[in-house]
Amino acid sequence: MKVKDPAALRRKRLNRKFSQRDLAFLVRRSQNTIHLLETGGMKTLSEDLALLIAARLDVEWEEYFELEEHEVMPTVTDKRRSTGNCEPRQLTA
């Protein structure tokens with residue numbers, strides 16, 4: 001996930017009268033994590049953290065966070081097939 005607008009996240013935290021340290025304590029992260037989220041220094045965060053922050057700020061997570069789309073890699077398969085005779089060879093002495 002990522003923060004849609006880091007400055008809006010900061011404003012919401014301030015409106016709720018939380019310091020970065022307060023919010024960090026409530027979501028069990030460091031104050032530096034909150035700082036990085038609010039300044040755009042942390043580009044991605046876990047869904048768990050986004051949900052915790054949204055709950056503590058009393059907002060829907062979609063207001064401040066968005067899911068990142070990941071490119072799906074194609075499945076690689078081994079298409080080699082045996083073309084020879086499958087019978088065991090006899091060894092000659």
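Going by the structure above, here's the rest.
Caption draft 1: Spatial organisation of the overall build of the protein chain. Broken down by element type, the protein chain carries five helices and two strands. Ordered by position from the N terminus, the helices and strands of the protein chain form the series β-α-α-α-α-α-β. Sorting the 93 residues of the protein chain into buried and exposed places 26% on the buried side. If you sum the accessible surface of the protein chain, you get close to 7,700 Å²; carbon and sulfur atoms cover 49% of it.

Caption draft 2: Representation of the pattern of salt bridges within the structure. Overall, the coordinates contain three salt bridges when judged by the stated rule. For Lys2, the salt bridge goes to Glu66, with nearest N and O atoms at 3.6 Å. With Lys2 in strand β1 (residues 2–3) and Glu66 in strand β2 (residues 65–66), this pair connects stretches of sequence that are 64 residues apart. Judged by relative accessible area, which is 30%, Glu66 ranks as partly exposed.

Caption draft 3: Up close: helix α4 (residues 47–57). Residues Leu49, Ala50, Ile53, Ala54 and Leu57 constitute the buried set of α4. For α4, the angular spread of the buried residues around the axis is 130 degrees, confining them to a single face. Every exposed residue of α4 that faces more than 90 degrees away from the buried side is listed here: Asp48 and Ala55. Where α4 is buried, its residues contact α1 (6–15), α2 (20–26), α3 (31–39), α5 (61–64) and β2. Positive phi shows up at Asp58, right after α4, with a value of about 60 degrees.

Caption draft 4: Region of the structure containing α1. Within α1 the residues assigned to the buried category are Ala8, Leu9 and Arg13. The arc enclosing the buried residues of α1, seen along the axis, measures out at 140 degrees, which places them on a common side. Elements in contact with the buried residues of α1: β1, α2, α3, α4, α5 and β2.

Procedures and definitions
- Residues numbered from 1 in each chain as written.
- Predicted model: local features only at pLDDT ≥ 70, side-chain atom pairs only at ≥ 80, totals over all residues.
- Heavy atoms only, no water.
- Helix = DSSP H or I, 4+ residues; strand = E, 2+ residues; numbered from the N terminus.
- Buried < 20%, exposed > 50% of the residue type's maximum accessible area, 1.4 Å probe, protein only.
- Areas by Shrake-Rupley, 256 points an atom, 1.4 Å probe, with all protein chains shown as cover.
- Salt bridge = Lys/Arg side-chain N within 4 Å of Asp/Glu carboxyl O.
- Arc of directions from axis to C-beta.
- Contact = heavy atoms within 4.5 Å.

In short, geometric facts, not functional conclusions.
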